[in-house]
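# Fold and geometry: a report
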Amino acid sequence: MANRLTAINELVDNARALVEHPKGILAADESSPTLTKRFTALGIESNEQSRRAWRETLVSTPGLPAFVSGAILYDETFNQRTFTSDEAFPDYLARLGLLCGIKVDTGAKPLAGTDGELVTEGLDNLGPRLERYYDKGARFAKWRAVLRIGVGQPSPVCIASNAHALARYARLCQEFGLVPIVEPEVLMEGTHDLDTNIAVTRTVLTAVFEQLRSFDVTLTGMILKPSMVTPGDAGPAATPEEIAQATIACYRDTVPASVAGIALLSGGQSDEAATTNLAAMHAMDPLPWPLTFSFGRALQDTPLKVWASSGQDRELTQASLMSRVVDTAAALEPRDLVTL
């Protein structure tokens, strides 16, 4: 019993640390093929060394731990050593005061019986993998589910399948001492309007928390990483205030107050849009849970362009990242919404 209590306390403490104000989470867990596409578009050669150099440039940015609590890594980076100090990345992050996270799903694959919908896989042998990750220094993990809005989509079977997988993953994480980041992403691609996304997000989150409860996941030791409730990227526009109202209303209806925190993903939004929308949500304080960011592209896109155009100049790239991080952290401060 004492060991079980100790494990739960560690989970809760780490979950709280990940969403401690005014900090967010750096998502640097793009798969090697995904990062290669981004490198190629900017004329950067992608190989093990260049990807390692990019990730090390990000996490070694001076001042980063003041605004970032942890970094999510891809398996390749997790198992690499830093160029500058020859430390394993998890040990390097720990020395900097950052919690180390790891992406553990193996990607979204076609879901049988649906019209092109996806289910995220990676549950096979997940327990032993989590145990190894914990032993090597990981303290939280991430699993991303992908749901598209379209005619008849997401279907009930797609929602149920992904919710079930997220809950199984979350329970396994907690059994092996890792805080699960539960990421049900409703994609913004499409022509749908804001009301459609409100309905879909509410249905998805309801299903996810039903499954989390059925697997007895400790909510105080987990973090939700949802998408913001926005219109489709080809749909009718909405103001930041409308997006904030829709998003927070959905979360209030579906996310228990006991959840350690909500770390929003940027979901393909521009740097400015993601930050502006986050700021609008914080203008609606008080909220029942800590609300922060777990951005990938919204923090990395501009620094990556600087890295490419400057011949991989470390200082210029890190200055660009810090500018983005400081601006994003500033969005966590409550402020008045003059247009509401």
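Please refer to the structure placed before this passage.
Moving on to helix 8 (residues 194-214). When the terminal C-alpha atoms of helix 8 are compared, their 30 Å separation across 21 residues agrees well with the 30 Å that a helix rising 1.5 Å per residue should span. Listed as buried for helix 8 are Leu194, Asn197, Ile198, Val200, Thr201, Val204, Leu205, Ala207, Val208, Phe209 and Leu212. Structurally, helix 8 contributes buried residues whose contacts are with strand 6 (140-147), helix 7 (156-175), strand 7 (179-186), strand 8 (223-224) and helix 9 (240-254). Note on helix 8: the residue one or two positions beyond its end, Asp216, has a positive phi of about 55°.

Turning next to the nonpolar core. Of all hydrophobic cores here, the largest spans 103 residues; its most connected members are Val104, Tyr169, Val182, Leu212, Tyr251 and Val255. Apart from the residues lying within four places of it in its own chain, the contact partners of Tyr251 are Leu205, Pro226, Ser227, Met228, Ile262, Leu264 and Trp289.

On to the pattern of salt bridges, then. Across all of its chains, the model carries 18 salt bridges by this definition. Ionic pairing is found between Asp105 and Lys103, a salt bridge with its closest N-O pair at 2.8 Å. Both residues of the pair, Asp105 and Lys103, belong to the buried class. One continuous salt-bridge network, built from bridges that share partners, spans Asp29, Lys142, Arg144, Glu183, Glu185 and Lys225.

Here the focus is the pairing of strand 10 (residues 291-295). Burial of strand 10 is extensive: five of the five residues sit out of reach of the surface. Along strand 10, one buried face is formed by Leu291, Phe293 and Phe295 and the opposite face, lined by Thr292 and Ser294, is buried too. Note that strand 9 (residues 261-264) and strand 10 share three bridges and pair parallel. Following the sheet pairing, Ile262 is matched in strand 10 by Leu291.

Conventions adopted
- Residues numbered from 1 in each chain as written.
- Predicted model: local features only at pLDDT ≥ 70, side-chain atom pairs only at ≥ 80, totals over all residues.
- Heavy atoms only, no water.
- Helix = DSSP H or I, 4+ residues; strand = E, 2+ residues; numbered from the N terminus.
- Expected span 1.5 Å × (residues − 1).
- Buried < 20%, exposed > 50% of the residue type's maximum accessible area, 1.4 Å probe, protein only.
- Contact = heavy atoms within 4.5 Å.
- Core = buried A, V, L, I, M, F, W, Y, C linked by side-chain atoms within 4.5 Å.
- Salt bridge = Lys/Arg side-chain N within 4 Å of Asp/Glu carboxyl O.
- Pairing = 2+ DSSP bridges.

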